[in-house]
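Take a look at the letters that make up each chain.
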Amino acid sequence: MYNTWEELEEAIKGCRGCKLYTNRTNIVFGTGNREADLMFIGEGPGADEDRLGEPFVGKAGQLMNEAFLALGIDRKEVYIANIVKCRPPSNRNPEDDEASVCINYLRNQVILVKPKIIVLLGSVALKNILGKEYGITDTRGKWIEKKGIKYMPTFHPAALLRDDSKKIFFWKDLKEVKKAME
Ligand code: URA
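As the structure is a prediction and not an experimental result, all values here were calculated from the model. (Residues numbered from 1 in each chain as written. Predicted model: local features only at pLDDT ≥ 70, side-chain atom pairs only at ≥ 80, totals over all residues. Heavy atoms only, no water.)

Visitor: Whenever I open this one, the overall build of the protein confuses me. Can you help?
Guide: Tallying secondary structure elements over the protein gives 8 helices and 6 strands in all. Scaling as 2.2 N^0.38, a compact globule of 182 residues should have a C-alpha radius of gyration of about 16 Å, and the protein matches this with 15 Å. Projected onto its principal axes, the C-alpha positions of the protein cover 40 × 35 × 30 Å. By the burial criterion, 49% of the 182 residues in the protein qualify as buried. Residue pairs in contact within the protein that sit at least 24 positions apart in sequence constitute 71% of those at least 6 positions apart. Within the structure as shown, the protein displays about 9200 Å² of accessible surface, and the carbon and sulfur contribution to it stands at 49%. The centroid of the 29 positive side-chain charges in the protein is displaced by 2 Å from the centroid of its 26 negative side-chain charges. (Helix = DSSP H or I, 4+ residues; strand = E, 2+ residues; numbered from the N terminus. Rg over C-alpha atoms; globule rule 2.2 N^0.38 Å. Buried < 20%, exposed > 50% of the residue type's maximum accessible area, 1.4 Å probe, protein only. Contact = heavy atoms within 4.5 Å. Areas by Shrake-Rupley, 256 points an atom, 1.4 Å probe, with all protein chains shown as cover. Lys, Arg positive; Asp, Glu negative; His and termini not counted. Charge placed at Lys NZ, Arg CZ, Asp CG, Glu CD.)

Okay, structure coming up:
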């Protein structure tokens, strides 16, 4: 556990805790308001994120930004991070050994941010944070409270790019989050 953001970021920059460090251009640490009440957790960096060192700046991120704009969620006012900080090759899912090492950094981020609400974007975030027994299709849209934090699982924005019919659910879930924030 690191008590400062600077120490935590330095630790991740030097991390060789799994094989993903060998491919990274940049670590993707996290972005936004470090004192946010609302946090979003994705899966891991894609090519654009690896290049720019910021989460959700590619196509999936643009879709998320559109939803934010429409719903009145200010991207700068929330905190956004991923389960793994280095890009998995060919955008594959992070493997269990990779996620289990890296999630300690994310837990550290959650402790520092102290969010009231966390949106879990997709199955990888859901299973790694709340448990393997959860499935995204059944769980999305339902609040789950654990240790004083309210979790809202929803589809990953990349899933919306593949399947248009999921968009309405993503928007519905974020609307619910927005309502809870007010
Ligand atoms: N997908 C994710 O899960 N995270 C990102 O940062 C970008 C795409």
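The rest of the description comes next.
Visitor: Teacher, can you tell me more about the side chain of Thr154 here?
Guide: Residue placement: Thr154 occurs in strand S6 (residues 149-154). Here Asp173 takes part through its side chain, which lies 2.7 Å from a polar atom of the side chain of Thr154. (Polar contact = N/O pair within 3.5 Å; in protein donor to acceptor, adjacent residues only side chain to side chain.)

Visitor: Help me understand the packing of aromatic side chains in this model?
Guide: In this description, a pair of aromatic rings is defined by centroid distance and the angle of the planes. Applying the stated criterion across every chain, the model contains 4 aromatic pairs. Seen in terms of ring centroids, Trp5 and Tyr79 are 5.4 Å apart; in terms of plane orientation they differ by 50 degrees. Their pairing is tilted. With a gap of 74 residues between them, Trp5 in helix H1 (residues 5-13) and Tyr79 in strand S3 (residues 79-82) connect regions that are remote in the sequence. By relative accessible area, Trp5 is classed as buried at 12%. Judged by relative accessible area, which is 1%, Tyr79 ranks as buried. Considering the side-chain rings of Phe155 and Phe169, the 6.4 Å spacing of their centres and the 75 degrees angle between planes classify their relative orientation as edge-to-face. With Phe155 in the loop between S6 and helix H7 (157-162) and Phe169 in helix H8 (residues 167-181), this pair connects stretches of sequence that are 14 residues apart. Within the aromatic cluster, the residues linked to one another by ring pairs are Trp5, Phe29 and Tyr79. (Phe/Tyr/Trp six-rings, centres within 6.5 Å; stacked < 30°, edge-to-face > 60°.)

Visitor: Would you explain H1 in this entry?
Guide: The periodicity of an α-helix, 3.6 residues per turn, causes residues three or four places apart in sequence to face the same way. Within H1 the residues assigned to the buried category are Trp5, Leu8, Ala11 and Ile12. One face of H1 carries all of its buried residues, which in axial projection span an arc of 130 degrees. Exposed residues lying more than 90 degrees from the buried face of H1 are Glu6 and Glu10. Residues of H1 that are buried in the fold lie against S3 and helix H4 (96-113). (Arc of directions from axis to C-beta.)

Visitor: Just to check I follow, could you spell out the pairing of S3 for this structure?
Guide: Residues in a regular strand point their side chains to alternate faces of the sheet. Because side chains alternate across S3, one face comprises the buried residues Tyr79 and Ala81, and the other comprises Ile80 and Asn82, equally buried. As paired elements, strand S1 (residues 31-32) and S3 share 2 bridges and run antiparallel to each other. Of the residues in S3, the one forming a bridge with Gly32 is Tyr79. For strand S2 (residues 38-42) and S3, the ladder comprises 4 bridges, and the chain directions are parallel. Its bridge partner being in S3, Gly42 is matched across the sheet by Asn82. (Pairing = 2+ DSSP bridges.)

Visitor: Could you clarify how one ought to interpret the site of the ligand in this entry?
Guide: For the ligand, the full set of nearby residues is Gly42, Glu43, Gly44, Glu49, Pro55, Phe56, Asn82 and His156. In the environment of the ligand, an oxygen atom lies 2.9 Å from a nitrogen or oxygen atom belonging to the backbone of Phe56. Asn82 has a polar side-chain atom sitting 2.8 Å from a nitrogen atom of the ligand. Isolated, the ligand exposes 230 Å² of accessible area, and the fraction of that covered by the protein chains is 92%. (Near = heavy atom within 4 Å.)

Visitor: Just checking my understanding: could you explain the nonpolar core for this structure?
Guide: One broad rule of soluble globular proteins: the nonpolar side chains tend to lie buried together. By size, the foremost hydrophobic cluster in this structure holds 55 residues, and its most contacted members are Met39, Phe40 and Ile83. Among the elements that make up this core, the one with the highest residue count is H4 (8 residues). Among all residues touching Phe40, those that are not within four sequence positions of it are Phe68, Val78, Tyr79, Ile80, Ala81, Val119, Leu121 and Leu174. (Core = buried A, V, L, I, M, F, W, Y, C linked by side-chain atoms within 4.5 Å.)

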